[in-house]
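# Structural features, examined
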Amino acid sequence: MGINGYGTIGKRVADAVAAQPDMTVVGVAKTRPNYEATVAVESGYDLYAAIPERADQFGEAGLETAGTVEELIEASDIVVDATPSGVGADNKSLYEAADTPALFQGGEDDALVDVSFNARSNYEAAADADSVRVVSCNTTGLSRLIAPLREAFGIERVRATLVRRGGDPAQSDRGPINDILPDPKTLPSHHGPDVKTIFPDLSIDTLGLKVPATLMHMHSLNVTLESAPDVETVRDALADEDRLALLGEDLDITGTADVKEYAMDMGRPRGDFWENAIWDESITVKGRELYLFQAIHQESDVVPENIDAIRAVLEAEDKATSMARTNEALGLSDSPNPYPRP
Ligand SMILES: NC(=O)C1=CN([C@@H]2O[C@H](COP(=O)(O)OP(=O)(O)OC[C@H]3O[C@@H](n4cnc5c(N)ncnc54)[C@H](O)[C@@H]3O)[C@@H](O)[C@H]2O)C=CC1
Ligand SMILES: O=C(OP(=O)(O)O)[C@H](O)COP(=O)(O)O
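Note that the structure is predicted; figures quoted are calculated from it, not measured.

### Observations regarding the UniProt feature "binding site: NAD(+)" (unreviewed entry) in the protein chain
- UniProt's feature table lists "binding site: NAD(+)" (unreviewed entry) at T8, I9, G107, R165 and Q298, given in the numbering used throughout.
- Residue placement: T8 occurs in helix α1 (residues 8-19).
- By the element assignment, G107 lies in the loop between β6 (102-104) and β7 (115-117).
- Not counting residues within four places of it along the chain, the set of residues in contact with G107 comprises S85 and G86.

### Side note on the site of ligand 1
- The full set close to ligand 1 counts 20 residues, and T8, I9, G107, D168 and Q298 are the nearest of them.
- Separating a nitrogen atom of ligand 1 from a side-chain N or O atom of D168 is a distance of 2.7 Å.
- In isolation ligand 1 has 830 Å² of accessible area, and contact with the protein removes 81% of it.
- For the shell around ligand 1, the class distribution of residues is seven nonpolar, 10 polar and three charged.
- Two domains each provide a minimum of three residues to the shell around ligand 1, namely domain 1 (2-135 + 302-330) and domain 2 (137-301).

### Looking at the nonpolar core
- Of all hydrophobic cores here, the largest spans 43 residues; its most connected members are V17, V28, L103, F117, V132 and I310.
- Mapped by element, the contributors of at least two residues to this core are α1, α2 (35-42), β3 (47-49), β7, β8 (131-134), α11 (303-314) and α12 (319-330).
- Looking at which domains feed residues into this core, each of domain 1 (2-135 + 302-330) and domain 2 (137-301) gives three or more.
- In this structure, I146, A160, I204 and L290 belong to the second largest nonpolar core, which totals 30 residues.

### Description of the sheet that holds strand β5 (residues 79-81)
- If you walk across this open sheet you meet the eight strands as β4-β3-β2-β1-β5-β6-β8-β7, and the pairing is parallel. Here the strands that pair on one side only, and so sit at the sheet edges, are β4 (67-68) and β7.
- Here three bridges tie β6 to β8, and the two strands are oriented parallel to one another. Considered in β8, the bridge of A102 is made with S131.

### Thoughts on the site of ligand 2
- The full set of residues close to ligand 2 is S136, C137, N138, R164, R165, R174, H190, H191, K210, H217 and Q298.
- N138 places a side-chain nitrogen or oxygen 2.8 Å from an oxygen atom of ligand 2.
- Burial of ligand 2 by the protein amounts to 76% of the accessible area it has alone, namely 370 Å².
- Sorting the residues of the shell around ligand 2 by element identifies α7 (137-153) and β9 (155-165) as the ones contributing at least two each.
- Looking at the shell around ligand 2, its residues break down into one nonpolar, six polar and four charged.

### Considering the pattern of salt bridges
- In this structure the tally under the stated criterion is 25 salt bridges.
- For D22, the salt bridge goes to R311, with nearest N and O atoms at 2.7 Å. Of this pair, D22 sits in the loop between α1 and β2 (27-30) while R311 is found in helix α11, placing the two residues 289 residues apart along the sequence.
- Residue R311 is classed as buried on the basis of its relative accessible area of 1%.
- Salt-bridge contacts for E232 lead to R235; the nearest nitrogen and oxygen are separated by 2.7 Å. One end of the pair, E232, and the other, R235, are both in helix α9 (residues 231-239), three residues apart, so they sit about a helical turn from each other.
- The partly exposed category is assigned to E232, whose relative accessible area is 37%.
- One salt-bridge network, held together by shared partners, links D22, R144, R243, E305, D308, R311, E317 and R325.

### Looking at the packing of aromatic side chains
- Overall, the coordinates contain four aromatic pairs when judged by the stated rule.
- Measuring from centroid to centroid gives 6.3 Å for Y262 and F273, while their planes differ by 35 degrees, and the two rings are tilted. Of this pair, Y262 sits in helix α10 (residues 256-265) while F273 sits in the loop between α10 and β14 (276-279); the two residues are 11 residues apart in sequence, bridging distant segments of the chain.
- By relative accessible area, which is 2% here, F273 ends up buried.
- When the ring centre of F273 is taken as reference, the NZ or CZ atom of R268 above it lies at 5.5 Å.

### Here's the deal with the UniProt feature "domain: Glyceraldehyde 3-phosphate dehydrogenase NAD(P) binding" (unreviewed entry) in the protein chain
- In the numbering used here, UniProt assigns the "domain: Glyceraldehyde 3-phosphate dehydrogenase NAD(P) binding" (unreviewed entry) feature to residues 1-137.
- End C-alpha atoms of residues 1-137 are separated by 22 Å, and the span's content is 36% helix alongside 18% strand.

### What to know about the domain arrangement of the protein chain
- Taken as a whole, the protein chain is organised into domain 1 (2-135 + 302-330) and domain 2 (137-301).
- Each of domain 1 and domain 2 has a C-alpha centre, and these two points are 25 Å apart.
- Contacts between the two partners involve 24 residues from domain 1 and, on the opposite side, 23 residues from domain 2.
- Both faces considered, domain 1 and domain 2 share a buried interface measuring about 1900 Å² in area, 45% of it formed by carbon and sulfur atoms.
- Among the residues domain 1 hides against domain 2, the three largest losses belong to R12, R120 and V135. Together they make up 33% of the total.
- Linking domain 1 to domain 2 there are nine salt bridges.

Reading the values: rules and limits
Residues numbered from 1 in each chain as written. Chains lettered and ligands numbered in written order. Predicted model: local features only at pLDDT ≥ 70, side-chain atom pairs only at ≥ 80, totals over all residues. Heavy atoms only, no water. UniProt positions renumbered as here; feature names shortened; annotations may be inferred. Helix = DSSP H or I, 4+ residues; strand = E, 2+ residues; numbered from the N terminus. Contact = heavy atoms within 4.5 Å. Near = heavy atom within 4 Å. Polar contact = N/O pair within 3.5 Å; in protein donor to acceptor, adjacent residues only side chain to side chain. Areas by Shrake-Rupley, 256 points an atom, 1.4 Å probe, with all protein chains shown as cover. Nonpolar A, V, L, I, M, F, W, Y, C, P; charged D, E, K, R; others polar. Domains from an automatic or database assignment. Core = buried A, V, L, I, M, F, W, Y, C linked by side-chain atoms within 4.5 Å. Buried < 20%, exposed > 50% of the residue type's maximum accessible area, 1.4 Å probe, protein only. Pairing = 2+ DSSP bridges. Salt bridge = Lys/Arg side-chain N within 4 Å of Asp/Glu carboxyl O. Phe/Tyr/Trp six-rings, centres within 6.5 Å; stacked < 30°, edge-to-face > 60°. Lys NZ or Arg CZ within 6 Å of the ring centre and 35° of its normal. Buried area = accessible area lost by both parts, 1.4 Å probe.

Here is the structure:
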């Protein structure tokens, strides 16, 4: 696999690919030398110059390159494009010229690709596609929850309020610093239509806000189900999902900072929390109305999805095998899910 764009998502995907028993990293493409490029080389990844005119900068910084991004694309069975929103669209012609399938990220438009992807929800749709978009962190979190609820109980309507982190921890140019923004001010936020790229016939309304936080997003959800299960039945259905972590009362996790601390205490790389973090105590059912809170670690929840998308496109494994292999290689299946499984 080649990785073009080695920032927040790209470096995590590279490490996740390297951890898989059936994948290798051909190399990573960067625009310029910096600490991430230095660590990439120290991690054993071949470095490719994303912008040929700037290739000399790497040598001047004492970093050896293995070639240009075109050579990386040629040498790869598939490329993961993890460049900033909109840059992926500019790069698409590079992948097409080399006849190399490409995965794009949630910052790109659905119209750019053959398929928008969430492993739990539509794995098979990506088979043999030339271009696939792994949907955004928030859309991934919503889709993972919606898929099992739809299967088990049917869904009449989803209403979700997304309290979004202002920026990632290293994004010191982002905000707000001291404000709460309706963002966007209009309804629906882009997340609802984005979820419908995965579930076209789903009825969903989403509202978005931005707050002065960097650690995680928080979703407040109300799902009107088609049936009226008791709360234990809903909890069992969610607890069966490896990428949904039910945070039990005994863990005493008060907020997103505790979730991140928990991930670090578990020894997760970069303190990543790949699963949806659902507060077990928040799961409430009144008739057909389900309510819950879930936090989404924006920097990492799409990482296992990228790994599964690679296997889905290359038709390397079926969905269950791929998801289980990804989970095991990352250590995701070892995560304590405190709710006792039946
Ligand atoms: N950070 C997040 O919370 C999430 C981001 N995404 C999506 O993932 C994509 C990447 O986002 P991040 O990793 O956060 O961005 P980032 O800014 O952390 O990383 C992007 C990297 O690509 C590099 N780059 C810029 N132009 C390039 C080019 N022409 N060729 C190669 N590399 C280039 C940048 O220098 C940077 O290293 C976006 O589509 C974003 O919407 C999806 C889920 C969550
Ligand atoms: O896709 C994301 O969030 P979003 O779904 O709220 O737009 C990622 O967290 C990136 O968000 P950003 O576009 O605010 O950098």
